[in-house]
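Structural characterization, general
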Amino acid sequence: MNENKFDLLAFFSLLYKWRRFLIIQVILISIIAITLALIIPKKFSASATMLSPDSQSLLGSILPMNMTRGLSGVLGQAGLSPNGDETNTIMAIIYSSQLAEKTINKFNLAERFEAKTFEEALESFKKLYVVELTEEATIKLTLHLETDIFHPEENEKETKKLVYEITQFMITELDSIYNKLGTEKARYERIVIERRYDQNKEDLRNLENQLKEFSDSTGVIALPEQIQASIMAIADLESRIKIEEVQLQIAKNTFTKGSQEIQNREFIISKLTSQL
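In this text, all values refer to a predicted model and were calculated from it rather than measured experimentally. (Residues numbered from 1 in each chain as written. Predicted model: local features only at pLDDT ≥ 70, side-chain atom pairs only at ≥ 80, totals over all residues. Heavy atoms only, no water.)

As a further point, take the overall build of the protein. Of the regular secondary structure elements, the protein holds nine helices and four strands. Residues classed as buried in the protein amount to 32% of the 276 residues present. Look at the contacts in the protein between residues 6 or more apart in sequence, and 67% of them connect residues 24 or more apart. A total of about 18100 Å² of accessible surface is found on the protein, and carbon and sulfur atoms cover 57% of it. (Helix = DSSP H or I, 4+ residues; strand = E, 2+ residues; numbered from the N terminus. Buried < 20%, exposed > 50% of the residue type's maximum accessible area, 1.4 Å probe, protein only. Contact = heavy atoms within 4.5 Å. Areas by Shrake-Rupley, 256 points an atom, 1.4 Å probe, with all protein chains shown as cover.)

Rendered as structure tokens:
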């Protein structure tokens with residue numbers, strides 16, 4: 001009992017003897033911790049997860065994270081075939097300069113990045129977000145934004161709000177661009193089909209006249225089935241080429257030069273043309 005009392009008194013005596021040193025150390029550590037908390041930028045993130053357009057018919061549902069709004073019609077109205085092109089289209093739009101430029105201008109990000117040119121702002125902006133194609137067949141967009149150095153609490157609130165608003169704006173614009181793409185595609189295809197229909201009617205009329213003249217001059221009544229099949233096959237190929245050319249033109253108006261979507265359309269047209 002006496003030994004424990006002695007040890008306790010010795011301990012408090014030692015603390016009292018080194019009190020100034022301990023107080024100074026606590027103050028220094030507190031100052032360093034507060035300084036680091038102010039100096040080191042804080043990173044805030046916002047995410048939006050979209051069902052892959054290949055996993056449903058065409059309309060992919062949006063399951064927003066940290067958001068109240070999502071895509072309502074991003075994958076509808078396009079009428080694209082469910083062969084993976086829709087996913088590539090969504091990815092291409094997200095990485096497109098068109099979407100990036102709208103976002104940079106909307107939130108004046110060039111000033112935030114202290115970029116001297118738009119190309120510098122574009123490069124800085126594209127480093128902020130990541131797009132993933134997950135194992136669950138979803139497309140996940142994640143945006144990261146950091147606070148300033150020596151940031152006050154207001155700056156944290158502003159950054160948190162900004163990262164949310166940018167992510168929401170990108171999703172909304174993605175919806176708009178995709179719907180516009182689908183509308184243009186439908187309009188161009190309708191025009192092409194109408195023109196093709198009129199051309200086919202004219203071709204059939206001319207062919208009918210030629211067959212009549214051929215029948216009158218030779219006495220042949222029926223056209224061989226092989227020739228008929230060849231004519232139908234060529235007409236089908238030409239129709240498919242016209243449709244792909246429409247899709248290629250829309251892709252060129254939507255995506256940047258050399259994008260995967262444009263290359264895919266050019267490859268398909270080349271293969272179909274080689275079969276004529």
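What follows picks up the thread again.
With that settled, consider the packing of aromatic side chains. Taken as a whole and judged by the stated rule, the model has four aromatic pairs. Between the aromatic rings of Trp18 and Phe21, the centroid separation amounts to 5.9 Å while the plane-to-plane angle is 80°, which identifies the pairing as edge-to-face. Three or more aromatic residues joined by ring pairs make a cluster, and in this case those are Tyr95, Phe125 and Tyr129. (Phe/Tyr/Trp six-rings, centres within 6.5 Å; stacked < 30°, edge-to-face > 60°.)

Let us look at a nonpolar patch on the surface. A surface patch of nonpolar side chains, amounting to about 800 Å² of accessible area, comprises Leu8, Phe11, Phe12, Leu14, Leu15, Trp18, Phe21 and Leu22. Of all the secondary structure elements, the ones that give two or more residues to the nonpolar patch are α1 (2–17) and α2 (19–39). Per-element tally for the nonpolar patch: the top contributor is α1, with five residues. Within the secondary structure, Leu8 sits in helix α1. Residue classification places Leu8 among the partly exposed residues on the basis of a relative accessible area of 49%. (Patch = residues over 30% accessible without salt bridge, like charges linked within 9 Å, V, L, I, M, F, W, Y side chains within 5 Å. Salt bridge = Lys/Arg side-chain N within 4 Å of Asp/Glu carboxyl O.)

Turning our eyes to something else, we now look at the nonpolar core. Ranked by internal contacts, the top residues of the largest apolar core, which has 41 residues, are Met50, Ile94, Phe125, Tyr129, Leu141, Ile166 and Met170. Sequence-distant contacts of Ile166, that is, excluding residues within four places in its chain, are made with Thr103, Phe107, Leu109, Phe125, Leu143 and Leu145. (Core = buried A, V, L, I, M, F, W, Y, C linked by side-chain atoms within 4.5 Å.)

Side chains of Glu111, Glu114, Asp148 and Glu158 sit close together on the surface and give a patch of like negative charge. When you line up the elements, Glu114 lands in the loop between α5 (109–113) and α6 (118–126). Among the residues examined, Glu114 registers a relative accessible area of 69% and is labelled exposed. (Lys, Arg positive; Asp, Glu negative; His and termini not counted. Charge placed at Lys NZ, Arg CZ, Asp CG, Glu CD.)

Turning next to unusual backbone geometry. Although it is not a glycine, Asn108 adopts a positive phi angle of roughly 50°. Tracing the backbone shows Asn108 in the loop between α4 (97–107) and α5.

Summarising the sheet, strand β1 (residues 43–51) and strand β4 (residues 138–146) pair through nine bridges and their orientation is antiparallel. Bridged to Phe44 within β4 is Leu145. Examined bridge by bridge, strand β3 (residues 129–133) and β4 share five bridges and lie antiparallel to one another. Each residue of the ladder has a partner; that of Tyr129, found in β4, is Leu143. (Pairing = 2+ DSSP bridges.)

Inspection of α4 places Leu99, Ala100, Thr103, Ile104 and Phe107 among the buried residues, and these make up the whole buried set. Projected onto a plane normal to the axis of α4, the buried residues spread over an arc of 130° and lie on a single side. Looking at α4, the residues exposed on the side facing more than 90 degrees away from the buried face are Asn105 and Lys106. Positive phi shows up at Asn108, right after α4, with a value of about 50°. (Arc of directions from axis to C-beta.)

So, about the packing of α4 against α6. Viewed as axis vectors pointing N to C, α4 and α6 meet at an angle of 100°, and their least axial separation amounts to 10 Å. The angle between the axes of α4 and α6 places the two elements in the roughly perpendicular class. Residues Ser97, Ala100, Glu101, Thr103 and Ile104 of α4 pack against Phe118, Ala121, Leu122, Phe125 and Lys126 of α6. A per-class count over the contact of α4 with α6 returns six nonpolar, two polar and two charged. (Axes fitted to C-alpha atoms, helices over the stretch in contact; angles between N-to-C directions. Parallel < 35°, antiparallel > 145°, perpendicular 65-115°, else oblique. Nonpolar A, V, L, I, M, F, W, Y, C, P; charged D, E, K, R; others polar.)

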